[in-house]
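Structural overview
What follows is each chain in one-letter form.
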Amino acid sequence: AQKITQTQPGMFVQEKEAVTLDCTYDTSDPSYGLFWYKQPSSGEMIFLIYQGSYDQQNATEGRYSLNFQKARKSANLVISASQLGDSAMYFCAMREGPRGYGGATNKLIFGTGTLLAVQP
Amino acid sequence: DVKVTQSSRYLVKRTGEKVFLECVQDMDHENMFWYRQDPGLGLRLIYFSYDVKMKEKGDIPEGYSVSREKKERFSLILESASTNQTSMYLCASSLGQGSNQPQHFGDGTRLSIL
């Protein structure tokens, strides 16, 4: 069965430092996608970055990058130059499911999240 | 920008009541989803829909039903609310085509069943 594991329930990082949030996944499907979301205390889920299983390069979006190691089935999120506003819960998710119905249903399975606290 | 709107941020209901949570998206997305979020468990999929009048069970559908009569609206129904359904409920939508399409979420509804 497909599964996402985030082993860090919580982390601290100093402002302006880089931080890595771990995510490992398990799937037998050769085609899959990995997503990271941020959830501030206000509750909304904000999409950060996407990595496809066939993408040759690691995804980057501004200060966010994804350290994708396919053989190890890991997709760690790296946040460079942490800011106080980065304090939030971070979720890793994997797209699963058939691509039937004329297109992908884009069902996601989520990890349990990592709570990041950025300290001044 | 995609806008997913959930009808209430906070809702308090009594056990046994029939509860409706409404979700509307404005980007003509084919797929819509309902999740519940509980501490330590992450997000768990209740139901999803890939087209009008189509629905499929997620991982935890028991005690819930859904309705999608129009493409932009996806309703979650608690047939007879129970205290173990107290939770944060999140609605999301995504395009049907393209495996790299993210889900876009609403702000969530904190539901308390007393």
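From a predicted model like this one, the values you see are computed outputs, not experimental measurements.

What follows concerns the packing of aromatic side chains. Overall, the coordinates contain 14 aromatic pairs over all chains when judged by the stated rule. Plain terms: the ring middles of Tyr25(A) and Tyr32(A) are 5.1 Å apart, the flat faces sit at 50° to each other, and that makes the pair tilted. By the burial criterion, Tyr25(A) is buried, and Tyr32(A) matches it. An aromatic cluster of at least three residues, connected via ring pairs, comprises Phe35(A), Tyr37(A), Phe47(A), Tyr50(A), Phe91(A), Phe110(A), Phe33(B), Tyr35(B), Phe48(B) and Phe105(B).

Turning next to the interface of chain B and chain A. The interface of chain B with chain A comprises 28 residues on the first partner and 23 residues on the second. Surface buried jointly by chain B and chain A totals about 2,000 Å² across both partners, of which 54% is contributed by carbon and sulfur atoms. Elements supplying a minimum of two residues to the side of chain B that touches chain A: strand S4 (31-38), strand S5 (42-49) and strand S9 (87-94) of chain B. Looking at side-chain class alone, the side of chain B that touches chain A contains 12 nonpolar, 13 polar and 3 charged residues.

The next point concerns the confidence of the model for chain A. Mean pLDDT over chain A: 90, with 92% of residues reaching 70 or higher. Counted against residues more than four places away or in other chains, residues 99-104 of chain A, with its pLDDT under 50, gives 14 contacts.

All names here are of chain A. Under the defined criterion, the tally for this structure stands at 2 disulfides over all chains. Here Cys 23 pairs with Cys 92 through a disulfide, and the sulfurs are 2.0 Å apart. For the disulfide bridge between Cys 23 and Cys 92, the dihedral angle about the S-S bond is near -65°, and by the sign convention the bridge is left-handed. In this pair, Cys 23 is assigned in the loop between strand S3 (19-21) and strand S4 (24-26) and Cys 92 in strand S10 (residues 88-96), connecting sequence segments 69 residues apart. For the pair Cys 23 and Cys 92, one class covers both residues: buried.

Time to look at the pattern of salt bridges. Residues and elements named next belong to chain B. Scanning the entire structure with this criterion turns up 9 salt bridges over all chains. Note that Glu 22 and Arg 73 form a salt bridge whose closest N and O atoms lie 3.9 Å from each other. With Glu 22 in strand S3 (residues 19-25) and Arg 73 in strand S8 (residues 73-78), the pair connects residues that are 51 residues apart, well separated along the chain. When its relative accessible area of 24% is taken as the criterion, Glu 22 is described as partly exposed. Asp 28 is the partner of Lys 71 in a salt bridge, and the nearest nitrogen-oxygen pair spans 3.2 Å. In this pair, Lys 71 is assigned in the loop between strand S7 (64-70) and S8 and Asp 28 in the loop between S3 and S4, connecting sequence segments 43 residues apart. Put simply, Asp 28, Glu 30 and Lys 71 are held in one network by salt bridges that share partners.

Okay, the pairing of strand S5 (residues 33-39) of chain A next. Residues and elements named next belong to chain A. The buried count for S5 comes to 7 of 7 residues, which makes it a mostly enclosed element. Across 6 bridges, S5 lies against strand S6 (residues 46-52) in antiparallel orientation. Among the inter-strand pairings, Lys 38 is bridged to a residue of S6, identified as Ile 46. Taking the residues between adjacent antiparallel strands as the criterion, S5 and S6 are bridged by 6 residues, where Gly 43 takes a positive phi near 105°. Across 7 bridges, S5 lies against S10 in antiparallel orientation. Bridge assignment links Leu 34 to a residue of S10, and that residue is Met 94.

If you look at the biggest cluster of nonpolar residues, it comprises 26 residues, and the most contacted ones within it are Trp36(A), Leu77(A), Tyr90(A) and Leu116(A). Those elements that place two or more of their residues in this core are strand S2 (10-14), S3, S5, S6, strand S8 (64-69), strand S9 (74-79), S10 and strand S12 (114-119) of chain A. When residues of this core are assigned to their parent elements, the largest contribution, 4 residues, is made by S10(A). Counting residues in each nonpolar core, the second largest holds 20 residues, with Val19(B), Cys23(B), Trp34(B) and Tyr89(B) among its members.

The rules we used
- Residues numbered from 1 in each chain as written.
- Chains lettered and ligands numbered in written order.
- Predicted model: local features only at pLDDT ≥ 70, side-chain atom pairs only at ≥ 80, totals over all residues.
- Heavy atoms only, no water.
- Phe/Tyr/Trp six-rings, centres within 6.5 Å; stacked < 30°, edge-to-face > 60°.
- Buried < 20%, exposed > 50% of the residue type's maximum accessible area, 1.4 Å probe, protein only.
- Contact = heavy atoms within 4.5 Å.
- Buried area = accessible area lost by both parts, 1.4 Å probe.
- Helix = DSSP H or I, 4+ residues; strand = E, 2+ residues; numbered from the N terminus.
- Nonpolar A, V, L, I, M, F, W, Y, C, P; charged D, E, K, R; others polar.
- pLDDT = per-residue confidence, 0-100.
- Disulfide = S-S within 2.5 Å.
- Salt bridge = Lys/Arg side-chain N within 4 Å of Asp/Glu carboxyl O.
- Pairing = 2+ DSSP bridges.
- Core = buried A, V, L, I, M, F, W, Y, C linked by side-chain atoms within 4.5 Å.

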